[in-house]
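# Fold and contact review
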Amino acid sequence: MTTVLIAGGGTGGHVFPMIAVGDAVRAAAPEARVVYVGTARGIEVRVMGERGDDLELLHVLPLRGGGLSGFVRGAARAGRVLPEARRLVERLDARVVLSLGGYAGGPVSLAARSLGVPVAILEPNSVLGLSNRLLSPLVDRAYVAFPEAARALRPSTVRLFGVPLRRAFARAPYAPREGRLSLLVLGGSQGALALNDIVPRAIAHGRGRGLDLEVVHQTGRDREAAVRSLYAELGLSEHARVVPFIDDVAEALAAADVVIARAGASTLAELCAVGRPSILIPYPFAADDHQMKNAQSLERASAAVAIAQADATEARIAGELARLAAAPALRARMAEAAAAFGTPDAAARVAADLLELARAPRHRALRFPIGGARAKRASEEAPRRAAMRGAAPPGAALGWEEAG
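This text gives an overview of the structure that appears in the document. No experiment lies behind these values; they were computed from the predicted model shown.

### Regarding the overall build of the protein
Broken down by element type, the protein carries 15 helices and 13 strands. Residues counted as buried form 58% of the 404 residues belonging to the protein. Put simply, the protein shows about 16,400 Å² of open surface, and 52% of that area lies on carbon and sulfur atoms.

Next comes the structure, spelled out in structure tokens:
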């Protein structure tokens with residue numbers, strides 16, 4: 001039996017591409033075993049638990065978001081988890097490992113490479129995440145969605161396949177219409193506080209200018225009541241359907257005239273696979289500002305309007321909605337441009353290539369300081385030395401990154 005390990009997790013931007021690849025591996029090779037590796041911190045526990053997937057958990061701490069002390073703790077913990085990751089790879093007899101970065105991806109990838117197991121990374125954003133950037137010299141494949149990400153990778157490893165999506169996402173005809181505009185607001189799997197506040201006000205502003213706007217607004221879990229209350233306060237209850245989470249995002253996208261969303265890679269891949277014009281308000285604290293760079297890539301292709309959160313006033317958003325409502329032909333061109341970015345077959349292509357790697361001969365094992373006193377010394381010394389140099393330590397590849 002061929003065992004494929006897929007490591008990562010955290011938010012929907014990591015988890016749903018992991019699931020898409022895993023499902024595609026099973027479809028291409030029913031005899032293969034797919035095992036996911038994540039942490040108890042992420043949504044993978046709930047999502048994969050509901051699906052009945054095979055999920056292994058590692059205890060990895062965040063590197064970002066806790067200042068220098070949090071970084072040091074995360075790097076030290078990452079070093080100590082390497083022996084556990086190596087035992088996991090050996091116990092499952094993994095033939096190939098795919099890492100989506102963050103969370104468990106780094107330790108599992110390093111452990112696999114130390115055993116000679118082929119390693120691949122998947123980078124859905126236009127900028128390489130920290131984990132993928134530091135793992136890149138060791139990998140056999142780097143699956144990317146944006147040409148910009150390929151520039152930082154060895155050309156021989158790069159495969160421009162796009163972001164893996166579940167099978168439901170496919171091109172839907174776009175018929176621009178005069179008059180009423182149906183909006184879909186997406187804040188990602190955990191919602192977006194800024195969108196939850198400003199978009200209802202922008203819709204009220206637009207309706208005050210005579211626009212006929214209807215909205216489906218995904219708020220994120222535990223945020224539905226506050227957003228519903230805001231729409232009611234603005235007199236929009238009859239024009240807004242407020243939900244915490246949309247299970248069938250593909251259907252919701254197909255029913256929308258315009259999408260207002262963050263600019264996480266999975267969200268953009270989904271709206272491009274279906275082919276819809278969008279107003280993108282990137283999460284401003286995403287690592288390396290990757291969401292803004294994702295949004296600008298689509299804006300350059302005339303598929304979207306990118307607005308920095310600092311500039312996303314209710315008047316600005318209402319103005320963009322008015323412009324799009326008055327120009328059906330423009331919206332149709334934006335939908336076509338978005339669809340040109342779509343890669344609904346990405347999961348199948350990644351799965352096929354992973355299975356090919358799994359059949360390839362193993363590499364010569366690499367020597368890493370994994371286990372015992374050497375690992376303890378390495379995990380303690382690396383952060384201290386890096387702090388003295390003002391640089392990221394080698395263990396930085398092993399921790400969590402915020403997906404935004």
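### Observations regarding the sheet that holds strand 2 (residues 33-38)
With parallel pairing, 7 strands are arranged side by side in an open sheet as 3-2-1-4-5-6-7. Bordering the open sheet on either side are strand 3 (55-57) and strand 7 (158-160), each of which pairs with just one other strand. Mean inter-strand twist for the sheet, computed between neighbouring axes without regard to direction, equals 25°. With 4 bridges joining them, strand 5 (residues 119-123) and strand 6 (residues 141-144) adopt parallel strand pairing. By the bridge assignment, Ala 120 is partnered in strand 6 with Arg 141. Relative to strand 3, helix 2 (residues 44-51) is tilted by about 150°, and along the sheet it contacts strand 2 and strand 3.

### Notes on helix 14 (residues 346-359)
Its 14 residues place the ends of helix 14 20 Å apart at the C-alpha level, agreeing with the 20 Å of an ideal helix rising 1.5 Å per residue. All buried positions along helix 14 are accounted for by Ala 346, Ala 347, Val 350, Ala 351, Asp 353, Leu 354, Leu 355, Leu 357 and Ala 358. Looking at the buried side of helix 14, the elements it contacts are strand 1 (3-7), helix 1 (12-28), strand 4 (94-99), strand 5, strand 6 and strand 7.

### Some words on the pairing of strand 2
Of all 6 residues making up strand 2, 5 are buried, and the element is well covered by its neighbours. Inspection of the sheet shows strand 1 paired to strand 2 by 5 bridges, in the parallel sense. Counted as the bridge partner of Thr 3 is Arg 33 from strand 2. Following the chain from strand 1 across helix 1 to the adjacent parallel strand 2, one finds a crossover that is right-handed.

### What to know about the sheet that holds strand 10 (residues 240-243)
Pairing within the open sheet is parallel, and its 6 strands lie in the order 10-9-8-11-12-13. Taken across any chain shown, the strands that pair with only one partner, and hence form the sheet edges, are strand 10 and strand 13 (304-306). The sheet shows a mean angle of 15° between the axes of neighbouring strands, taken without regard to direction. For strand 11 (residues 258-261) and strand 12 (residues 278-280), the ladder comprises 3 bridges, and the chain directions are parallel. Within strand 12, the residue paired with Ala 261 across the bridge is Leu 280. Those strands touched by helix 11 (residues 290-300) are strand 12 and strand 13, and its axis lies near 135° from that of strand 13.

### Quick notes on the pattern of salt bridges
Using the criterion set out here, one finds 20 salt bridges in the structure. The salt bridge partner of Asp 23 is Arg 26, with a shortest N-O separation of 3.3 Å. With a gap of 3 residues between them, Asp 23 and Arg 26 both fall in helix 1, about one helical turn apart. Residue classification places Asp 23 among the partly exposed positions, given a relative accessible area of 29%. Via salt bridges that share partners, Asp 23, Arg 26, Arg 51 and Asp 53 belong to a single interconnected network.

### Observations concerning helix 13 (residues 328-341)
Under the 1.5 Å per step criterion, the end-to-end length of helix 13 is 20 Å for 14 residues, consistent within 8% with the ideal 20 Å. Taken as a whole, helix 13 has its buried residues at Pro 328, Leu 330, Arg 331, Met 334, Ala 335, Ala 337, Ala 338 and Ala 339.

### Here's the deal with the environment of Ala 250
By the secondary structure assignment, Ala 250 is in helix 9 (residues 249-254). Given a relative accessible area of 9%, Ala 250 falls into the buried group. On a C-alpha basis, the gap between Ala 250 and Arg 171 in space is 9.5 Å, while along the polypeptide they are 79 residues apart. When sequence neighbours within four positions are dropped, the list of residues in contact with Ala 250 reads Ala 168, Phe 169 and Val 274.

### Structural notes on the side chain of Asn 294
In this structure, Asn 294 sits in helix 11. Those residues in contact with Asn 294, other than ones at most four positions away along the chain, are Asn 125, Ser 126, Phe 146, Ala 263, Gly 264, Ala 265 and Leu 268.

### Focus on unusual backbone geometry
The phi dihedral of Asp 289 falls on the positive side, at around 55°, and the residue is not glycine. Within the fold, Asp 289 resides in the loop between strand 12 and helix 11. Although it is not a glycine, Ser 302 sits at a positive phi angle of roughly 65°. By the element assignment, Ser 302 lies in the loop between helix 11 and strand 13. Exposure remark for Ser 302: the relative accessible area of 48% places this residue in the partly exposed category.

### A closer look at the packing of helix 1 against helix 2
Relative orientation of the contacting elements helix 1 and helix 2 amounts to 30°, with a least axis distance of 10 Å. Comparing their axes, helix 2 and helix 1 come out roughly parallel. Note on packing geometry: the crossing formed by helix 1 with helix 2 is right-handed. Contacts between helix 1 and helix 2 involve Val 15, Phe 16, Met 18, Ile 19, Asp 23 and Arg 26 from the former and Glu 44, Val 47, Met 48 and Arg 51 from the latter. Counted by class, the contact of helix 1 with helix 2 contains 6 nonpolar, no polar and 4 charged residues.

The rules behind these values
- Residues numbered from 1 in each chain as written.
- Predicted model: local features only at pLDDT ≥ 70, side-chain atom pairs only at ≥ 80, totals over all residues.
- Heavy atoms only, no water.
- Helix = DSSP H or I, 4+ residues; strand = E, 2+ residues; numbered from the N terminus.
- Buried < 20%, exposed > 50% of the residue type's maximum accessible area, 1.4 Å probe, protein only.
- Areas by Shrake-Rupley, 256 points an atom, 1.4 Å probe, with all protein chains shown as cover.
- Pairing = 2+ DSSP bridges.
- Axes fitted to C-alpha atoms, helices over the stretch in contact; angles between N-to-C directions.
- Contact = heavy atoms within 4.5 Å.
- Expected span 1.5 Å × (residues − 1).
- Right-handed = clockwise from strand over helix to strand, strands pointing away.
- Salt bridge = Lys/Arg side-chain N within 4 Å of Asp/Glu carboxyl O.
- Parallel < 35°, antiparallel > 145°, perpendicular 65-115°, else oblique.
- Left-handed = near helix turned anticlockwise from the far one by under 90°.
- Nonpolar A, V, L, I, M, F, W, Y, C, P; charged D, E, K, R; others polar.

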